[in-house]
Every structure is written in C-alpha cells, then in structure tokens.
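Chains, contacts and geometry: an overview
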Amino acid sequence: MNEIRRVAVVGAGQMGSGIAEVFARAGLSTVVCENGPDALRAARHRIDRSLHRAVERGRITPGQREDAWTRLLFADDLEALADRQLVVEAVVEDERVKAGVLTVLDKVLADEQAVLATNTSAIPVTRLGITTTRASHTLGLHFFNPAPVMPLVELVSSLHTDTTVLNRVESFAKDTLGKHVIRSRDRAGFVVNALLVPYLLAAIRMAEAGHATAADIDDGMVHGCAHPMGPLRLADLIGLDTVQAIAESLYDEYREPLYAPPPLLARMVEAGLLGRKAGRGFHAYTSGA
C-alpha cells in the first residue's frame, strides 16, 4: 500500500486550519479547500498566525515554519483534490452538509484506494459513509482543538470500513503525524465527546439556574479538580454552536436527558454569542485572546 503523502482538508475554519497545519508540519503536500476567496484569505491568515505562534512558543523553528508553508496549497474547487490520497472534511457540524461534501469528493478522487475521512465530533460515520460509493474507504478521523497542539486523534470505523484501510490510517496518524490514536466504535460522540459534552451541559445548566457565575464555575473545576480549563471556557473554545450540534446528535441517538441542550445554550447560539471565535460567549474575549 502506498504511503500517504498527498492530503487535503475541506473546510478551513478553526479545526480545518489546524488539521491542515498538522499535515503541512508533517511534511505532507496539503491542499486547503474553502468556499471562495474570502474564506481562503481567512484560512491563510489563521494558519499563518498559528505558525508564528508556534515559533514564538518554541514548538517549531522559523525554518520549519517556512517549510510548512511550502507544503500548503489553497483552492476553492473540490476538483483540485483529484490526486489526493486522503481527504479530511472539516466543514460545519451538519450531517446534510458533510454528506454533500463527501458525495462530491467520492466522484472527484481519481484513486479508488483514496480515503475519505470525516472530522465529525458526533455524527455516526456509517450514515456519512453510505452516501458515497466507497464506504469501505470512509472513516472518522477526529482531531481536537487546537489540532497542532492536542496530541489525541479518535479513529472511528463504520460498519463498512475495511480493516486494512483502518490500520493504514492509524499508522499514518501515529507515525507520520505523531498523534496518539484511540479507536472508537461508531457511536454518536465516540469516546471523548460522549464523556465531555454531558459535563459541559451540566455546567451550562448550573449557570442557567444561577447557582454560580461562569467565572466561579470555571474556577471551581480549575482549582478544585486540577482541570487546565473550566467547562464554560472550554465550551467557548470549542464554539457554542458546535457544542449544541454535538449535544443534539447525542440526544438524537440516545434520548437521554443529560444530552439535551439547555435552553440557555440555544439562546446564546441564536444571539451569535458563540464563544471565543465570536469574541463573547460565557466569557468575553479580546482579539487574539
């Protein structure tokens, strides 16, 4: 089986840009695909800022930063991905949108052995894979934010994923990307979010009920339980719209009250208070914070 060297990321928001940076820093030819020049410009800025931050913090050298840039290509047409061996979709956490992207990629990719990977946080991979003709070569490859820093990747096989393909991608994630890989069955939320999201929702319900301020709830978990970040600040980092989407997927599958999005979360998303990326969520953020 050929070594994976040509990759792409579709969707270059916070997560997609981070995944693209991981690929480029690993020495891979990486195409970043977004919808239009404005989105591509934002993606370039996002990746450039992250690479500069990595240099400032001593994670990479200036030379490694320059080398990563030489690996990056930007496109606004999925047809540009025809020669890729692995494509990760990292578009909005919406099943219909993700399925639409995967369906087009299925037709575009020239190599029958090319792998389609979804970075979904909670949507069952089987439902996405069967929208293509290559369900055996479709799997979940779930990175965590910020992808260049967080070491974990969840590898999720659907009911159709070929074992050889799964093993190939696991080796790629471990040996080429240097990630720590855990495997999960194809269940909504996989491993991490099935545990994490009920915790975040419980903190939101606590704030909604007025038991404590957002700052005190977060301080309680940071200073009382040694968490690196409180639950509400973490929800802000993930994006409250993403937290809501994951919770809805979990509740749709399990119908358990602990997965139900609290009304406050829905109101904040409706109001555009999405967390760090919007400048305000449960906490306020200045530019670059």
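So, a few notes on the structure that sits alongside this text. (Residues numbered from 1 in each chain as written. Predicted model: local features only at pLDDT ≥ 70, side-chain atom pairs only at ≥ 80, totals over all residues. Heavy atoms only, no water.)

**Concerning the overall build of the protein chain**
Note the threshold: Helix numbers and strand numbers start at the N terminus; a helix is a DSSP run of H or I with at least 4 residues, a strand a run of E with at least 2. With C-alpha atoms as the basis for the radius of gyration, the globule rule is written as 2.2 Å multiplied by the number of residues raised to the power 0.38. Only protein chains enter the accessibility calculation, which uses a 1.4 Å probe; a residue is then buried when its area is under 20% of its type maximum, exposed when over 50%, and partly exposed in between. Contact between two residues is taken to exist if any of their heavy atoms lie within 4.5 Å; hydrogens are not considered. We count Lys and Arg on the positive side and Asp and Glu on the negative side, and we leave His and both chain ends out. Working definition for charges: the position is that of NZ of Lys, CZ of Arg, CG of Asp or CD of Glu.
The helix and strand tally for the protein chain stands at 11 helices and eight strands. A compact globule built from 289 residues would reach a C-alpha radius of gyration of about 19 Å, and the protein chain, at 19 Å, matches this within 12%. Its C-alpha atoms put the protein chain at 55 × 45 × 35 Å along the principal axes. By the burial criterion, 51% of the 289 residues in the protein chain qualify as buried. Pairs at least 24 residues apart make up 67% of the contacts formed inside the protein chain by residues separated by at least 6 positions. Once the 31 positive and 35 negative side-chain charges of the protein chain are each reduced to a mean point, those two points are 3 Å apart.

**Re the sheet that holds strand E2 (residues 29-33)**
To keep it simple, the criterion reads: For two strands to count as paired, DSSP must find a minimum of two bridges between them. Helix axes are fitted only over the stretch in contact, all axes being lines through C-alpha atoms; the angle between N-to-C directions runs from 0 to 180 degrees.
Read from one edge of the open sheet, eight strands run E3-E2-E1-E4-E5-E6-E7-E8, paired in mixed fashion. Since the sheet does not close on itself, it has two edges, and those belong to strand E3 (72-75) and strand E8 (180-184), each with one partner. Between one strand axis and the next, the sheet turns by 25° as a mean value, whatever way the strands run. Sheet topology places strand E7 (residues 152-157) next to E8; five bridges connect them, and they run parallel. Each bridged residue has a counterpart across the sheet, and for Val153 the counterpart in E8 is Val181. Most of the contacts of helix H2 (residues 37-56) go to E3, to which it runs at about 160°, and overall it touches E2 and E3.

**What to know about the pattern of salt bridges**
Formally: What counts as a salt bridge is simple: a side-chain nitrogen of Lys or Arg found within 4 Å of a carboxyl oxygen of Asp or Glu.
Under the counting rule described, the total for this entry stands at 17 salt bridges. For Arg183, the salt bridge identified is with Glu170, shortest N-O distance 2.5 Å. Linking Arg183 in strand E8 with Glu170 in helix H6 (residues 163-176), this pair joins segments that are 13 residues apart in sequence. On the basis of relative accessibility, which here comes to 40%, the residue Arg183 falls in the partly exposed class. Between Asp252 and Arg255 there is a salt bridge, with its nearest N and O atoms 3.4 Å apart. The exposure class assigned to Asp252 is partly exposed, which follows from its relative accessible area of 44%.

**A few points about the side chain of Thr126**
Looking at where Thr126 falls in the secondary structure, it is placed in helix H5 (residues 125-129). If sequence neighbours within four positions are ignored, Thr126 has contacts with Ser158, Leu159, His160 and Asp186.

**As for the nonpolar core**
Cut-off, in case you're wondering: Nine residue types can take part in a nonpolar core, namely buried Ala, Val, Leu, Ile, Met, Phe, Trp, Tyr and Cys, and a core is a set of them joined through side-chain atoms within 4.5 Å.
Among the nonpolar cores identified, the biggest contains 40 residues, and Ile19, Phe23, Leu139, Leu141 and Phe143 are the most heavily contacted of them. Of all the elements, helix H1 (residues 14-25) adds the most residues to this core, at six residues. With near-sequence residues (within four places) excluded, Leu139 lies in contact with Val115, Leu116, Ala117, Thr118, Val125, Leu155, Val156, Thr161, Val165, Leu166 and Val169.

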